[in-house]
Amino acid sequence: MIKFTETILRDGQQSLIATRMKIEDILPALEKMDNIGYHSIEMWGGATFDSCLRYLDEDPWLRLSKINMRVKNTSLQMLLRGQNILGYKHYPDDVLEKFIARSIDNGISIIRIFDALNDIRNIQKSIQYTNKYGAHAQGTIVYTTSPIHNIDHYVDTARSLQEIGADSICLKDMAGLLTPYRCYKLIKKLKKELDIPIQLHSHNTSGMAFMTYLKGIEAGVDIIDTAISPFSSGTSQPTTETMLATLTGTDYDPGINLKKVDELSAYFHEIRNKYSDYLGTFEVDPRVITYQLPGGMLSNLHNQLKEQGMLDKYNDVLKEVPRVRKDMGYPPLVTPTSQIVGTQAVFNVISGERYSLVSSETREYVRGMYGRPPGDIDNNIKEKILGDKEQITERPGDLIPSRFAETLDSIKDFVTKEEDVLSYILFPEIAEEFLKKHY
C-alpha cells in the first residue's frame, strides 16, 4: 500500500499562487481533508511563514494552531530548512531548538528537514531537537544532477541521515529533474541500504514527475507527495486524483476514496479563482532539464530583469546560471542557494563582467557560512571574492552566538508569547510591523 502526503496547503499553493492562500479559505476544507485517509497533510513551513507575515496579515503560529484544532486524524507536516529554519541564512542553535519545540507544541507531527547543500552538519541539530521533542524527523536528500551527484552520493547522504536519527528519508526533487528510470535505480538502492521508510517528492516542471512516481512506486517507495488537481502539476506536485486512479485496484492501492477527493477538488477549484492574479503556470517547461531551475526561480529571474528594464537579457541569464553553479561547486538549486546563484547570474550578465558585482550572500556562501559545497569552488572565483579572507571549515551554526534571550529582552514591549520572538528573529522588520499592529 502506498501512502499519500497531501501538499495543496503548502507546496501546491506555494508553487502555483505564490503562497497567497488565506486561512479563511483553508479552514472550510479541513474536516473533509482530515477524513480522506492521508498519511499526512503538509500545511506549514517553506514559504508559508514568511508569506503570512509579509502578504496576508496573518500570524503563522495562529494559522498552525487553528489548523491543528480541526485536524484530529491526520499528521500535520512542515518543511524546515535545517539551520536556516524558515529564513534565508543560518540561525543559532538556541533559536533552532526553540522553534522546533514550539512548532511541535502547536501541532506539528512530522518535520521534513533539508539543507540546500546536503551538508549533514546543517541538519544534525534539527533532527536531534525533533527527536527530543517527540515528533517524526524526516531527513531529506535534495536531488540535483551534476558531475559529482551520482547514486552513491545520495545513498551515502541517506545513510548518514539514518545514522544521526532520521525516522524516514525524503528524496526531494524540487526542480523535476529526476528521470523515471534513474528514480527506479536510486529507490531500489536506498531500500536495500536503509531500514526506514522512503518518501518521494517531485514537481512536474519538466513533465516527468508522474512517470517518475510510478517507477519509484515499483521500486518500493513508501510514500508520495501529491496535490489536489486545482493546485497540481506544472511547477507543483503530481495530481492526487490521477495517482489515486492509477493505483486503485493494484497491489499499491492506498485505500483512499476518490469521490471524497473529488469533493475537495470542487471546493479548491472555486478557491483558485480568488487568486487569479497570482496564478503561476501549469505548463510543462523542459528548459528545467537544461538549466536546472525550479519553476519559482524562473519567474523570479524574469521579474528581476523586468524591474531592471533588461528583460532582453533573460536568455543570457538562463545560460549563465549553470556557469555560476559550476563555479560554486554544483550546489542544488533550492532555497537559499537558488536565490544566491540566480541573483549572481543576473549580476554577472547586467554588469558585463563576471563577478565584478558580488552579492553579500554569494560572498558568505564562498566563505563557507552556508555550509560545505558539494564540490570545489573555482579557485580564481574564490580568490576574487574573498581576497585575503579565510574560508571557514567549521559547522556554520557553531559560529553564531545564542540570540533568543537577548532578543526577548529587547522587544518585550510588543510581544506576548515566545512564538512572537521567533517570528521577529526570522523576519525582524515585517514581524515588528505585524506585532505592533496586532498587539
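Residues numbered from 1 in each chain as written. Predicted model: local features only at pLDDT ≥ 70, side-chain atom pairs only at ≥ 80, totals over all residues. Heavy atoms only, no water.

Draft legend 1. Geometry of the sheet that holds strand β2 (residues 40-45). In spatial order, the strands read β1-β2-β3-β4-β5-β6-β7-β8; together these 8 strands close into a barrel with parallel pairing. With direction set aside, neighbouring strand axes in the sheet form an average angle of 30°. Taken together, the 5 bridges between β2 and strand β3 (residues 75-80) define a ladder with parallel strand orientation. Residue pairing for β3: G45 is matched across the bridge by L79. Strand contacts of helix α8 (residues 151-163): β5 (136-142) and β6 (168-173), with the helix running at about 160° to β5, the strand carrying the most contacts. This element, helix α9 (residues 180-193), spans β5, β6 and β7 (198-202) of the sheet and lies at about 155° to β7. (Pairing = 2+ DSSP bridges. Helix = DSSP H or I, 4+ residues; strand = E, 2+ residues; numbered from the N terminus. Axes fitted to C-alpha atoms, helices over the stretch in contact; angles between N-to-C directions. Contact = heavy atoms within 4.5 Å.)

Draft legend 2. Looking closely at the environment of A116. Counting through the fold element by element, A116 comes out in the loop between β4 (110-113) and α7 (121-132). Judged by its relative accessible area of 5%, A116 is buried. Along the chain, A116 and Y355 lie 239 residues apart, while their C-alpha atoms are 22 Å from each other. (Buried < 20%, exposed > 50% of the residue type's maximum accessible area, 1.4 Å probe, protein only.)

Draft legend 3. Molecular detail of helix α10 (residues 209-219). Those residues of α10 lying buried are A209, T212, Y213, K215, G216, I217 and A219. Considering only its buried residues, α10 is in contact with α9, β7, β8 (223-226) and α11 (240-247). Positive phi appears at G220, one or two residues downstream of α10, with a value of about 115°.

Draft legend 4. View of the pairing of β4. Side chains I110 and R112 of β4 all project onto a buried face; the interleaved residues I111 and I113 project onto the opposite face, where all are buried too. As paired strands, β3 and β4 are joined by 4 bridges and run parallel to one another. Of the residues in β4, the one forming a bridge with L80 is I113. What joins β3 to β4 is helix α6 (residues 93-105), and the crossover it makes is right-handed. Note: β4 against β5, 4 bridges, orientation parallel. Along β5, the bridge assignment pairs R112 with Q138. Handedness of the β4-α7-β5 crossover: right-handed. (Right-handed = clockwise from strand over helix to strand, strands pointing away.)

Draft legend 5. Layout of the packing of helix α17 (residues 360-367) against helix α18 (residues 379-386). With their axes 10 Å apart at the nearest point, α17 and α18 run at an angle of 120° to one another. Judged by the inter-axis angle, α17 sits oblique to α18. Note that α17 runs across α18; the crossing there is left-handed. Of the residues in α18, those in contact with T362, R363, V366 and R367 of α17 are K382, I385 and L386. Of the residues assigned to the contact of α17 with α18, the class counts are 3 nonpolar, 1 polar and 3 charged. (Parallel < 35°, antiparallel > 145°, perpendicular 65-115°, else oblique. Left-handed = near helix turned anticlockwise from the far one by under 90°. Nonpolar A, V, L, I, M, F, W, Y, C, P; charged D, E, K, R; others polar.)

Draft legend 6. Expanded view of helix α4 (residues 48-56). The buried count for α4 comes to 7 of 9 residues, which makes it a mostly enclosed element. Buried within α4 we find T48, F49, D50, S51, C52, L53 and L56. Turning to α4, the residues buried within the fold contact α1 (8-17), β2, α5 (60-70), α6, α20 (418-426) and α21 (428-438). Residue D57 follows α4 closely and has a positive phi angle near 55°.

Read these as layout, nothing more, since geometry by itself doesn't imply function.
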